[in-house]
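Read off the chains here:
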Amino acid sequence: MNVLIIPEDFRKDQFILKPLFSGLFRAIGKPRARVVVCQEPLLGGIGGAMKAERIQKVVEKHEGMTDIFILCVDRDGDTNRRQHLNVLEEEFGTGRTFFAENAWEELETWLLAGMDLPNDWSWQDVRAEISVKEKYFNPLAEQRDVANTPGEGRKVLGEEAARKIPTIRKKCSEDFDALAQRLDTFINN
């Protein structure tokens, strides 16, 4: 099974998405799923990732080599983002398997859900924060002395978080787990 994860911008997001989705596919019974993060074309941010014509280019480039397409973007406080993703799923899910999800509020939230957080941090505060990167992820990467590693700590911390997929699913039930359930239903039915 070949899975293509489509991020807003792969340059940092790949270090979160690849390990988390590899771990997720292992957890739902597909340990040999080949998870690849789309690097071409570079969507360059949320604006490009939410445009049907940009997604069309990704699909055209990878069609025939991909069994499941998964678009993953940040919610960034936009409570209407899910509705737009539903439109993209409907448009691109015809004749292929295409899922889309928005991380509340940023992909780094999923990573943080799989980490042991500092004692003075509340998960509820992390989950409610719109600027998760700045307020929580970057300080944690500094505290863990990994900010100068690939992805500014995302590679090291993403691989660590990927070992706790059940915890991420529990803490991020509205987004990560919702997608995991849809994938599990699709794959195992």
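Look up: the structure comes first, before these words.
Keep in mind it's a predicted model, so treat the numbers as computed, not measured. (Residues numbered from 1 in each chain as written. Predicted model: local features only at pLDDT ≥ 70, side-chain atom pairs only at ≥ 80, totals over all residues. Heavy atoms only, no water.)

### Looking at the overall build of the protein
Next, step 1: In terms of helices and strands, the protein carries ten helices and four strands.
Next, step 2: Sequence-ordered secondary structure for the protein, helices as α and strands as β, is β-α-β-α-α-β-α-β-α-α-α-α-α-α.
Next, step 3: The C-alpha radius of gyration of the protein comes to 16 Å, within 12% of the 16 Å expected for a compact globule of 189 residues.
Next, step 4: Taking all 189 residues of the protein together, the buried fraction comes to 52%.
Next, step 5: A total of about 8,900 Å² of accessible surface is found on the protein, and carbon and sulfur atoms cover 46% of it.
Next, step 6: A gap of 5 Å separates the mean positions of the 27 positive and 32 negative side-chain charges of the protein. (Helix = DSSP H or I, 4+ residues; strand = E, 2+ residues; numbered from the N terminus. Rg over C-alpha atoms; globule rule 2.2 N^0.38 Å. Buried < 20%, exposed > 50% of the residue type's maximum accessible area, 1.4 Å probe, protein only. Areas by Shrake-Rupley, 256 points an atom, 1.4 Å probe, with all protein chains shown as cover. Lys, Arg positive; Asp, Glu negative; His and termini not counted. Charge placed at Lys NZ, Arg CZ, Asp CG, Glu CD.)

### Thoughts on the environment of Arg-144
Next, step 1: When you line up the elements, Arg-144 lands in the loop between α7 (132-143) and α8 (154-161).
Next, step 2: Accessibility expressed as a relative area gives 35% for Arg-144, which makes it partly exposed.
Next, step 3: For the pair formed by Arg-144 and Leu-157, sequence separation is 13 residues and the distance between their alpha carbons is 9.1 Å.

### Details of the nonpolar core
Next, step 1: Among the nonpolar cores identified, the biggest contains 46 residues, and Phe-21, Phe-25, Ile-70, Trp-110, Leu-112 and Leu-183 are the most heavily contacted of them.
Next, step 2: In terms of residue count, the dominant contributor to this core is helix α1 (residues 10-27) (seven residues).
Next, step 3: The residues touching Phe-21, leaving out its near neighbours within four places in the chain, are Ile-5, Val-35, Ile-70, Cys-72, Trp-110, Leu-179 and Leu-183.
Next, step 4: Listed in part, the 17 residues of the second largest apolar core include Ala-49, Leu-71, Val-73 and Leu-88. (Core = buried A, V, L, I, M, F, W, Y, C linked by side-chain atoms within 4.5 Å. Contact = heavy atoms within 4.5 Å.)

### Observations regarding the pattern of salt bridges
Close approach of charged atoms lets side chains of opposite charge pair.
Next, step 1: As enumerated under the stated definition, the model contains 21 salt bridges in all.
Next, step 2: Across the pair Glu-160 and Arg-144 runs a salt bridge, and its minimum N-O distance is 2.5 Å. Of the two residues, Glu-160 is situated in helix α8 and Arg-144 in the loop between α7 and α8; the sequence distance between them amounts to 16 residues.
Next, step 3: One salt bridge in this structure joins Arg-154 and Glu-152, with 3.8 Å as the shortest N-O distance.
Next, step 4: Judged by its relative accessible area of 2%, Arg-154 falls in the buried class.
Next, step 5: In this structure, a network of salt bridges that share partners links the residues Lys-12, Glu-108, Glu-152 and Arg-154. (Salt bridge = Lys/Arg side-chain N within 4 Å of Asp/Glu carboxyl O.)

### Quick look at the packing of aromatic side chains
Next, step 1: In this structure the tally under the stated criterion is six aromatic pairs.
Next, step 2: Between Trp-110 and Phe-176, the aromatic rings sit 5.0 Å apart at their centres with planes inclined by 65°, giving edge-to-face as the arrangement. A residue pair is termed long-range when its members are at least 10 positions apart, and Trp-110 in helix α5 (residues 107-113) and Phe-176 in helix α10 (residues 173-188) qualify at 66 residues. We note that Trp-110, like Phe-176, is buried. (Phe/Tyr/Trp six-rings, centres within 6.5 Å; stacked < 30°, edge-to-face > 60°.)

### Regarding α10
Next, step 1: The first and last C-alpha atoms of α10 sit only 20 Å apart over 16 residues, clearly below the 22 Å expected at 1.5 Å per residue.
Next, step 2: By the burial criterion, the buried members of α10 are Asp-175, Phe-176, Asp-177, Leu-179, Ala-180, Leu-183 and Ile-187.
Next, step 3: Buried residues along α10 sit in contact with α1, β3 (68-74), β4 (97-103), α5, α6 (123-128) and α9 (165-171). (Expected span 1.5 Å × (residues − 1).)

### Observations concerning the pairing of β4
Next, step 1: Most of β4 is tucked away, with seven of its seven residues classed as buried.
Next, step 2: Side-chain alternation along β4 places Thr-97, Phe-99, Glu-101 and Ala-103 on one buried face and Phe-98, Ala-100 and Asn-102 on a second face that is also buried.
Next, step 3: One ladder, built from seven bridges, connects β3 with β4; its direction is parallel. Bridged to Ile-68 within β4 is Thr-97.
Next, step 4: Handedness of the crossover joining β3 and β4 through helix α4 (residues 81-92): right-handed. (Pairing = 2+ DSSP bridges. Right-handed = clockwise from strand over helix to strand, strands pointing away.)

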